[in-house]
Amino acid sequence: MKHKRYQNQETLSSNIPLKLRGYNSVRKDTATGSNHPGGVCILTSNLYPSTPLTLHTSLQSVAVQVHARTLVAVCSVYSPPHDVVSLQDLDTLVDLLLTPFILLGDFNGHINLWGSDVTNSRGRQIERLISNNCLCLLNNDEKTYFHEPTRTFHSLDLAICSPTLMPLLNFSVGSDLYNNDHFPLIVSYANSGGAVRYPPRYLFQRADWEKFMQLADVTESMVCTADITEAVQNVVDCIINAANNSIPKCSPRPRNFRFQIETKKT
């Protein structure tokens, strides 16, 4: 499996545990006993440092700040079709996000700006959100949702980003529904197919720990200095030197860095 971030809407209720090996999760569930669909979650591969962001909003939304090539905030939103959502609520959500950011979600809005054949009030609202905040829409005219009763396709899921990210990102819609009614949206870095080269990692299972203990000898002379920063650096250098000479490393390999959004119903 390629290492990704997954943003999901309409996925969770508070009585469903969520554990996935190799991933951290941040989630906002629907209220227990609620008859309405909802719940949002972001799963973040532990290969990429990330920090959950606190969002003081009534919207169904969660966000994390991820360190890829730089710090990027990723927010997942679900707006139920019959809920009343004000433009002020959406503007506030944008204000809460650290820039640059990617806003992903099922907004249940229709307008020709993202390939819809019809227009509704939610669609006009999202259009104003994008215009008022000088944001960029990554979507093209590809359909993102399959309505099985009518066998028709629609555009409900959107990827919106800060202007500085627009020239750096590629956008596509996955071709497989994965037993769902929403296609995944895939956002990746434009160059190198989203590949990021990371430094080699230590292979701790093959370490010569006896040699490491001999080399990682922190002496009094290393820390007997008036400058605490220099003392700390001396200790760090000693430990790193010991590790480099006693623990093998793997070869650096490029890893695909992609955001992926999937909208699922429970």
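What counts and how
Residues numbered from 1 in each chain as written. Predicted model: local features only at pLDDT ≥ 70, side-chain atom pairs only at ≥ 80, totals over all residues. Heavy atoms only, no water. Core = buried A, V, L, I, M, F, W, Y, C linked by side-chain atoms within 4.5 Å. Buried < 20%, exposed > 50% of the residue type's maximum accessible area, 1.4 Å probe, protein only. Contact = heavy atoms within 4.5 Å. Salt bridge = Lys/Arg side-chain N within 4 Å of Asp/Glu carboxyl O. Axes fitted to C-alpha atoms, helices over the stretch in contact; angles between N-to-C directions. Helix = DSSP H or I, 4+ residues; strand = E, 2+ residues; numbered from the N terminus. Parallel < 35°, antiparallel > 145°, perpendicular 65-115°, else oblique. Left-handed = near helix turned anticlockwise from the far one by under 90°. Nonpolar A, V, L, I, M, F, W, Y, C, P; charged D, E, K, R; others polar. Polar contact = N/O pair within 3.5 Å; in protein donor to acceptor, adjacent residues only side chain to side chain. Phe/Tyr/Trp six-rings, centres within 6.5 Å; stacked < 30°, edge-to-face > 60°. Expected span 1.5 Å × (residues − 1). Arc of directions from axis to C-beta. Pairing = 2+ DSSP bridges. Disulfide = S-S within 2.5 Å.

> In this structure, what is going on with the nonpolar core? I would like to understand it.
What tends to happen in soluble globular proteins is that the nonpolar side chains get buried as a cluster. I102, L138, C161, L169, F171 and V187 are the most contacted members of the largest nonpolar core, which has 25 residues in total. With residues near it in sequence (within four places) discarded, L169 still touches I102, L138, C161, V187, S188, Y189 and A190. If you look at the next biggest cluster of nonpolar residues, it comprises 24 residues, including L59, L103, F107 and L135.

> What exactly am I supposed to notice about the pattern of salt bridges here?
Oppositely charged side chains can pair when the atoms bearing their charge come close. What the rule picks out here adds up to one salt bridge. Ionic pairing is found between R27 and D29, a salt bridge with its closest N-O pair at 3.0 Å.

> Would you explain the packing of helix α1 (residues 87–96) against helix α2 (residues 121–132) in this entry?
Packed helices, taken two at a time, are described by the angle their axes make and the gap between the axes. The interhelical angle for the contact between α1 and α2, taken along N-to-C directions, is 40°, at an axis separation of 10 Å. The orientation of α1 with respect to α2, classified from their angle, is oblique. You can see that α1 and α2 cross each other, and the crossing is right-handed. The residues of α2 that touch α1, namely those facing L87, L90, D91 and V94, are Q125, I126, R128, L129 and N132. Taken together, the residues of the contact of α1 with α2 sort by class into five nonpolar, two polar and two charged.

> It is not clear to me how the environment of H182 should be interpreted in this structure. Could you clarify?
When you line up the elements, H182 lands in the loop between β12 (169–173) and β13 (185–189). Looking at H182, its side chain comes within polar contact range of the side chain of D157, at 2.9 Å.

> It is not clear to me how the side chain of N108 should be interpreted in this structure. Could you clarify?
Here N108 shows up in the loop between β7 (101–106) and α2. By relative accessible area, which is 13% here, N108 ends up buried. Within the structure, N108 has its side chain in polar contact with the backbone oxygen of S79 (distance 2.7 Å). Contact partners of N108, with chain neighbours within four places excluded, come to Y78, S79, P80, P81, N120, R122 and L156.

> Is there a simple way to explain the packing of aromatic side chains in this structure?
What characterises a pair of aromatic rings is the spacing of the ring centres plus the angle enclosed by the ring planes. This structure, assessed with the given rule, holds five aromatic pairs. Seen in terms of ring centroids, Y202 and F204 are 5.9 Å apart; in terms of plane orientation they differ by 40°. Their pairing is tilted. Taking relative accessible area as the criterion, Y202 reaches 26% and is therefore assigned partly exposed. Assessed through its relative accessible area of 47%, F204 is described here as partly exposed. Aromatic pair F204 and W209: ring centres 6.5 Å apart, planes at 0°, arrangement stacked.

> Would you mind showing me how to read α2 here?
Side chains of residues three or four places apart in an α-helix project in the same direction, reflecting 3.6 residues per turn. Helix length check: α2, at twelve residues, gives a terminal C-alpha distance of 16 Å against a target of 16 Å (1.5 Å per residue), a fit within 8%. Regarding α2, the residues found buried are R122, G123, Q125, I126, L129 and I130. In a view along the axis of α2, the buried residues occupy a sector of 160°, so they form one face of it. Every exposed residue of α2 that faces more than 90 degrees away from the buried side is listed here: S121 and S131. Turning to α2, the residues buried within the fold contact α1, β8 (136–137) and β11 (157–161).

> Even after reading the chapter, I still don't get the pairing of β11, so can you show me in this structure?
The side chains of a regular strand alternate, residue by residue, between the two faces of the sheet. In terms of burial, β11 is largely enclosed, as five of its five residues are buried. Alternating residues of β11 divide into D157, A159 and C161 and L158 and I160, and every residue in both groups is buried. Where β7 lies against β11, five bridges are found, and the strand directions are antiparallel. Directly across from I102, in β11, lies its bridge partner C161. Note: β8 against β11, two bridges, orientation antiparallel. Counted as the bridge partner of C136 is C161 from β11.

> Whenever I open this one, the sheet that holds β7 confuses me. Can you help?
Hydrogen bonding along the main chain pairs the strands of a sheet, whether they run parallel or antiparallel. What the six strands build is an open sheet, ordered β4-β5-β6-β7-β11-β8; its pairing is mixed. Of all the strands in the sheet, the pair left with one neighbour each is β4 (50–53) and β8. Direction of pairing for strand β6 (residues 71–78) relative to β7: parallel, over a ladder of six bridges. Note that in β7 the partner of A73 across the bridge is F101.

> Help me understand the state of the cysteines in this model?
Between two cysteines, a covalent bond joining their sulfur atoms is known as a disulfide. Taken as a whole, this structure holds zero disulfides when the rule is applied. The thiol sulfur of C161 is not disulfide-bonded, and the nearest other cysteine sulfur, from C136, lies at 5.1 Å.

The quantities given are spatial measurements derived from coordinates; they are silent on function.
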